[in-house]
Structures are given as structure tokens and as C-alpha cells.
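# Residue-level structure breakdown
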Amino acid sequence: MCIRLHALVLALCLAWPALAAPADEIRAVIEDQIAAFRAGDGDRAFAHASPAIQAKFGSPANFMEMVRTGYPQVYRPRDMQFQAVEAFEHVTVQEVFFFGQDGSAVVARYFMEMNEAGAWKIAGVELRQAPELGV
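What you are looking at is a predicted structure, and each value in this text was computed from that prediction instead of being measured.

## So, the overall build of the protein chain
Along the protein chain, the regular secondary structure elements total five helices and four strands. When the helices and strands of the protein chain are listed from N to C terminus, the series reads α-α-α-α-α-β-β-β-β. Put simply, the protein chain has 135 residues, and 35% of those count as buried. Of all intrachain contacts in the protein chain linking residues separated by at least 6 positions in sequence, the fraction that spans at least 24 positions is 38%. Here the protein chain has roughly 8400 Å² of accessible surface; of this, 59% comes from carbon and sulfur atoms.

Laid out in C-alpha cells, this is it:
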């Protein structure tokens, strides 16, 4: 049992640098998209979306309207807090807590994919109500 625990700890320590770099890169992509939303820069925000998302919405204007109306806490957040990146077999997920201008809180799960050039793109975002925080 103790040997297995040590092996698990060693494996996690060896994996940490591999997860740290993508986490920083993923965070930078999401932060830049949020900055683009705040600045009203549809072209820049749309550039962070995966090809499938770009094809679905067709234009930066359509994409910005969808985010503005469907994801208001993400479009103009009052604050946000990044959680750990989770890497599964075929998908990498970044959770972010968003706090809206109206005080509402949501958890956004960003589904990330790396393109052929090695750049992270946002392949989808799933929102859910944030859990109540007890004091």
C-alpha cells in the first residue's frame, strides 16, 4: 500500500510540469477572450474559438451577440476565478467561476482543444449555476 502511494505521488510530481504549461496557456487564451469581450473586439474574441464554433456562428458579430445574450457573466464579468485544469483522454477542461455585474455566479466549463499549429482554442463552454458559498 505504501509503495503504491509513493508511486502515485511520484507520478503526480512528474506530471505537474506537463500540466502547468498547458494550464498557463489555456488561462491566457480565456483571459484574452474575456478582455476582447470587454473591449467589444469581436474579431479577437472569435479568433479564440475552435473552427467548429466559428463555423457554427459564421461571423464575429453573430458570436458576440450569442455570448452577450446567453453568457452575460462571461461577456462582462465583475470577477473570475480559475480552477484547476482537468485533462481527460480526449478533452481538456478548464473551470472558471464567473461573477456577473448583477452579483450572480456561474461555473463555466471551457472545453479546450489544440489546433495543428499548437495553439489552444475554445471548443465550447458549458455554464451551470455556481454552488452557494457558505460563510
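## Notes on the pattern of salt bridges
Pairing between side chains of opposite charge can happen when their charged atoms approach one another. In this structure the tally under the stated criterion is seven salt bridges. Among the ionic pairs, arginine 109 bridges to glutamate 126, the shortest N-O distance being 3.6 Å. Placement of arginine 109 in strand β3 (residues 105-114) and of glutamate 126 in strand β4 (residues 120-129) is noted, with a sequence separation of 17 residues between them. Its relative accessible area of 17% is what places arginine 109 among the buried residues. Classification of glutamate 126 by relative accessible area gives partly exposed; the value is 40%. In the salt-bridge network here, residues are joined through shared partners; they are Glu86, Glu95, Arg109, Glu126 and Arg128.

## A few points about helix α4 (residues 60-70)
Taken residue by residue, α4 has Phe63, Met64 and Val67 as its buried positions. Mapping the buried residues of α4 onto a view down its axis gives an arc of 95°, with all of them on the same face. Residues of α4 that are exposed and angled more than 90 degrees away from the buried face: Ala61 and Thr69.

## Digging into the pairing of β3
Where burial is concerned, most of β3 is hidden: seven out of the ten residues are buried. With eight bridges connecting them, strand β2 (residues 92-99) and β3 associate as antiparallel partners. For valine 93, the partnering residue across the bridge sits in β3 and is phenylalanine 111. Where β2 folds back on β3, the antiparallel hairpin that results is connected by five residues, among which glycine 103 adopts a positive phi of roughly 90°. Direction of pairing for β3 relative to β4: antiparallel, over a ladder of nine bridges. By the bridge assignment, methionine 112 is partnered in β4 with isoleucine 122.

## So, the pairing of strand β1 (residues 79-87)
Judged from the seven bridges that link them, β1 and β2 form a sheet pairing that is antiparallel. What sits directly across from glutamate 86, in β2, is valine 93. Counting the residues that bridge the hairpin from β1 to β2 gives four residues.

## A look at the confidence of the model for the protein chain
Detailed reading of the predicted coordinates is not advisable wherever pLDDT is low. When pLDDT is averaged across the protein chain, the result is 86; 81% of the residues are at 70 or more. With pLDDT under 50 throughout, residues 5-19 is counted as low confidence; its partners more than four residues away or in other chains account for one contact.

## Thoughts on the packing of aromatic side chains
Aromatic ring pairs are reported here in terms of the distance separating the ring centres and the angle at which the planes meet. According to the stated counting rule, one finds five aromatic pairs in the structure shown. When the centroid spacing of 6.2 Å and the interplanar angle of 35° are considered together, the rings of phenylalanine 37 and phenylalanine 63 count as tilted. Residue phenylalanine 37 is located in helix α1 (residues 2-39), and its partner phenylalanine 63 is located in helix α4; the two are separated by 26 residues in the primary sequence. For phenylalanine 63, a relative accessible area of 5% corresponds to the buried category.

The rules behind the values
- Residues numbered from 1 in each chain as written.
- Predicted model: local features only at pLDDT ≥ 70, side-chain atom pairs only at ≥ 80, totals over all residues.
- Heavy atoms only, no water.
- Helix = DSSP H or I, 4+ residues; strand = E, 2+ residues; numbered from the N terminus.
- Buried < 20%, exposed > 50% of the residue type's maximum accessible area, 1.4 Å probe, protein only.
- Contact = heavy atoms within 4.5 Å.
- Areas by Shrake-Rupley, 256 points an atom, 1.4 Å probe, with all protein chains shown as cover.
- Salt bridge = Lys/Arg side-chain N within 4 Å of Asp/Glu carboxyl O.
- Arc of directions from axis to C-beta.
- Pairing = 2+ DSSP bridges.
- pLDDT = per-residue confidence, 0-100.
- Phe/Tyr/Trp six-rings, centres within 6.5 Å; stacked < 30°, edge-to-face > 60°.

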